[in-house]
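Analysis of the macromolecular model
What follows is each chain in one-letter form.
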Amino acid sequence: MFLGFDSSTQSLTAVIINPQTGEIILQESVHFGNDLPQYKSPSGFIPGGKDGEVHSDPLMWLDALDLLLGRIKDQVDLSKIRMIAGSGQQHGSVYLDDSFEGRLAGLVISKSLSEQLKPAFTRATAPIWMDTSTGEQCAEITAALGGSDEVCARSGSIAIERFTGPQIRRFSKLDPEAYARTAHIHLVSSFMASVLAGKSVSIDYGDGAGMNLLNLEGLGWDTDLLEATAPDLDSKLSSPGAATTPQGPIAGYFVEKYGFSTDCQCALFTGDNPASLVGMGATDPGNIVISLGTSDTFFASMPGPKTDPNGYGHVFGNPIGGFMSLICFRNGSLAREALRDVHGLDWSAFEAPALDATADAAGKNLMLPFYGPEITPRFDFSQPVLQGSEKFETGDAALQVRALLEGQFMNMRLGSQWMEVQAERIRLTGGASKNNGIAQLVADVFQAPVERLDVSNSAALGAALIAAGAAGHDVSELQKTFCQASAGSQLQPNPALDQVYENSMPAFKDLLAGAMGA
Ligand code: XUL
């Protein structure tokens, strides 16, 4: 059996699979807000951060690991686990002194992980991906490298506030003394993997690419980016490695306390998005994942490290080899909800029967679907921009719902063109993905079949598949069993709409350029 963890913003999840029987043996989570209320982090981070800071308490993640393993040891015989891998919320960072490895090697089961590791932290809290406090550091790193294009060409992304390099730079400036005492800087992923392996382990290419520090060509730390970020940084980072590389046996603490076998090995942890790519069965080129959540995300595997010339998209390592893109659209459900509320609608207005009623208007009315600042394209929008019939522009709710959704997916099509990936199959996930009306529009705008999967913990499942891969299983084969489309979830594009959307794309692009003052 293989165990995958997902250490996400709000919870820690474990998924155990048996490749022989094709079964998911267990899915269990600890919710930080509900299960560990003493950390006063109802949504997984410490509320009230100043100047864009969003931090979490890493001791909470350690307590969650003890709590979760305590719960599952009575449900599953953990001595049957051969390999463990995992994923973590991306970009978050943890700062530790030179006692970290000694403490890991000397863990005793009479005390908790958090009690024993607490003295090793040189920074009590960990900045996470929601943190936007590093605008100044991004500008400094960009200037040192000679521009955004250079940072993007090397690291796969322009300097981004939540990425780890700018976060490290800020810490080194805010508290140089604590920075100097820091011997290890880990991502959430590599920190959790280190605890399980009982030693400081590698940072994987998937999550490592979210730091503005990894050079995607050679998959090593980029000397110029390290230098532009903070002093002596090379010595504080573990070497980068592939997620499927076994790091050694699980620490004795977990054997004695929770019944793992001494033969159980640990592979690396990757980022939650790279792990989801695996768990959604989308690691082969031609597969695209669109996740419809608070923000919408679009990710797909790529054979080579191609970068977005506009600097909006990111390139991460694909845990199964090669690369992947991640494009984030801030106005996802936020915009769908805003339009719903403006017209006093409920979600039925976004369902297939309501959208069918406006089928004749497909591609005819254009809406830039942004109710606030957007990331792709990066611009401070404040309200949607409408162009179309008078009825539409003067407020017809049904026409506006159709145009908003079409606008969201045309913007995704436009924002992902740089990848030059022909969508052969789109796997839809996230809250709004169950809606057949929305799913059909995705199929029509992209002219590709759309399907939905049963898995809800795609990152933890992906991590379990990575663990199996690290033990020699063929991950593509396993995906055929574990990542099947749910029955009746497939939708085909309407070929009659191919030309319709093909024709509206240039007009949409012009409207966008006009609104952004280009
Ligand atoms: C990706 C990102 C988020 C986190 C969420 O760049 O910041 O998706 O990984 O956990």
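Residues numbered from 1 in each chain as written. Predicted model: local features only at pLDDT ≥ 70, side-chain atom pairs only at ≥ 80, totals over all residues. Heavy atoms only, no water.

**Some points on the site of the ligand**
All residues in the neighbourhood of the ligand are listed as Thr9, Gln89, Gln90, His91, Trp129, Arg162, Asp272, Asn273 and Leu326. A distance of 3.1 Å is found between an oxygen atom of the ligand and a backbone nitrogen or oxygen belonging to glutamine 90. Between an oxygen atom of the ligand and a side-chain N or O atom of arginine 162, the distance comes to 2.8 Å. With the chains in place, 88% of the 290 Å² that the ligand exposes on its own is no longer accessible. When its residues are assigned to classes, the shell around the ligand shows two nonpolar, five polar and two charged. (Near = heavy atom within 4 Å. Polar contact = N/O pair within 3.5 Å; in protein donor to acceptor, adjacent residues only side chain to side chain. Areas by Shrake-Rupley, 256 points an atom, 1.4 Å probe, with all protein chains shown as cover. Nonpolar A, V, L, I, M, F, W, Y, C, P; charged D, E, K, R; others polar.)

**Looking at the pairing of strand β6 (residues 93-96)**
Neither face of β6 is exposed, since Ser93 and Tyr95 on one face and Val94 and Leu96 on the opposite face are all buried. Here four bridges tie β6 to strand β8 (residues 184-187), and the two strands are oriented antiparallel to one another. By the bridge assignment for β8, tyrosine 95 is matched with isoleucine 185. (Buried < 20%, exposed > 50% of the residue type's maximum accessible area, 1.4 Å probe, protein only. Helix = DSSP H or I, 4+ residues; strand = E, 2+ residues; numbered from the N terminus. Pairing = 2+ DSSP bridges.)

**Focus on the packing of helix α5 (residues 135-145) against helix α7 (residues 164-174)**
Put simply, α5 and α7 touch, their axes get as near as 9 Å, and they point 110 degrees apart. Here α5 is positioned roughly perpendicular relative to α7, judged by the angle of their axes. Across the interface between the two elements, Gln137, Cys138, Glu140 and Ile141 of α5 pack against Gly165, Pro166, Arg169 and Arg170 of α7. In terms of residue class, the contact of α5 with α7 is built from three nonpolar, two polar and three charged. (Axes fitted to C-alpha atoms, helices over the stretch in contact; angles between N-to-C directions. Parallel < 35°, antiparallel > 145°, perpendicular 65-115°, else oblique. Contact = heavy atoms within 4.5 Å.)

**Thoughts on the state of the cysteines**
For the structure on display, the rule yields zero disulfides. Of all cysteine sulfurs, the one in cysteine 138 lies closest to cysteine 152, which takes part in no disulfide; the gap is 13 Å. Assessed through its relative accessible area of 5%, cysteine 152 is described here as buried. (Disulfide = S-S within 2.5 Å.)

**Structural notes on the side chain of threonine 134**
Summarising the element assignment, threonine 134 is placed in the loop between β7 (126-127) and α5. Leave out the neighbours within four places in its chain, and threonine 134 touches Ile160, Glu161, Pro166, Gln167 and Arg170.

**Here we look at the pattern of salt bridges**
Applying the stated criterion across every chain, the model contains 18 salt bridges. Arginine 71 is paired through a salt bridge with aspartate 35; the nearest N and O atoms lie 3.2 Å apart. Residue arginine 71 is found in helix α2 (residues 58-72), and its partner aspartate 35 is found in helix α1 (residues 32-35); the two are separated by 36 residues along the sequence. Residues participating in the shared-partner salt-bridge network are Glu150, Arg154, Asp222 and Asp224. (Salt bridge = Lys/Arg side-chain N within 4 Å of Asp/Glu carboxyl O.)

**What to know about unusual backbone geometry**
Residue proline 377 is bonded to the preceding threonine 376 through a cis peptide linkage, with omega at 0 degrees. One non-glycine residue with positive phi stands out, namely aspartate 51, at about 55 degrees. Tracing the chain through its elements places aspartate 51 in the loop between α1 and β4 (55-56). The class for aspartate 51 is exposed, based on a relative accessible area of 65%. Backbone geometry places histidine 91, a non-glycine residue, at a positive phi of 80 degrees. Looking at the element boundaries, histidine 91 is found in the loop between β5 (83-88) and β6.

**Examining the nonpolar core**
One finds Ile290, Phe409 and Ile426 to be the most contacted residues of the largest nonpolar core, which totals 113 residues. Sort the elements by how many residues they give to this core and helix α17 (residues 397-415) lands first, with nine residues. Three or more residues apiece are contributed to this core by two domains, here domain 1 (2-275) and domain 2 (282-452 + 487-518). Those residues within four positions of phenylalanine 409 in sequence are excluded, and the remaining contacts are Leu292, Ile438, Leu441, Val442, Val445 and Phe446. Counting 55 residues, the second largest nonpolar core, distinct from the first, contains Phe5, Leu68, Leu113 and Ile250. (Core = buried A, V, L, I, M, F, W, Y, C linked by side-chain atoms within 4.5 Å. Domains from an automatic or database assignment.)

**Overview of the sheet that holds strand β18 (residues 323-329)**
If you trace the six strands from one edge of the open sheet to the other, you get β17-β18-β16-β15-β23-β24, paired in mixed fashion. Only two strands of the sheet have a single neighbouring strand rather than two, namely β17 (314-317) and β24 (450-452). Adjacent strand axes in the sheet meet at a mean angle of 25 degrees, parallel and antiparallel pairs treated alike.

**A look at the sheet that holds strand β1 (residues 2-7)**
Across the sheet, which stays open at both edges, the six strands sit in the order β3-β2-β1-β5-β14-β13 with mixed pairing between neighbours. Of all strands in the sheet, those with a lone pairing partner are β3 (23-31) and β13 (248-249), marking the two edges. Note: β1 against strand β2 (residues 11-18), six bridges, orientation antiparallel. Within β2, the residue paired with serine 7 across the bridge is leucine 12. Sitting on the sheet, helix α9 (residues 188-197) is in contact with β1, β2, β5, β13 and β14 (265-271), with an inclination near 170 degrees to β14.

**Details of helix α18 (residues 436-446)**
With respect to burial, α18 is a largely interior element, nine of its 11 residues being buried. Regarding α18, the residues found buried are Gly437, Ile438, Ala439, Leu441, Val442, Ala443, Asp444, Val445 and Phe446. Where α18 terminates, the next one or two residues include glutamine 447, which has phi positive at roughly 50 degrees.

**Concerning the environment of alanine 193**
As for its placement among the helices and strands, alanine 193 is situated in helix α9. Owing to a relative accessible area of 2%, alanine 193 belongs among the buried residues under this scheme. Each C-alpha atom of the pair alanine 193 and threonine 270 lies 9.2 Å from the other, and the pair is 77 residues apart in sequence. Ignoring any residue separated from it by four or fewer positions in sequence, one finds alanine 193 in contact with Val201, Ala267 and Phe269.

**Focus: the domain arrangement of the protein**
How large an interface is tends to be reported as the accessible area lost when its parts come together. According to the domain assignment, the protein contains domain 1 (2-275) and domain 2 (282-452 + 487-518). Each of domain 1 and domain 2 has a C-alpha centre, and the two are 32 Å apart. Counting residues at the interface gives 24 residues for domain 1, matched by 15 residues for domain 2. Here domain 1 meets domain 2 over a buried area of about 1500 Å², counting both sides, of which 62% is carbon and sulfur. Sorting the residues of domain 1 by area buried against domain 2 places Leu216, Asn273 and Pro274 first, and these three jointly supply 30% of that buried surface. At the surface where domain 1 touches domain 2, the tally comes to zero salt bridges. If you list the elements that add at least two residues to the side of domain 1 that touches domain 2, you get α6 (148-155), α10 (205-208) and α13 (272-279). When residues in the side of domain 1 that touches domain 2 are grouped by element, the largest group, three residues, is from α13. Along the lines of polarity and charge, the residues of the side of domain 1 that touches domain 2 split into 11 nonpolar, 10 polar and three charged. (Buried area = accessible area lost by both parts, 1.4 Å probe.)

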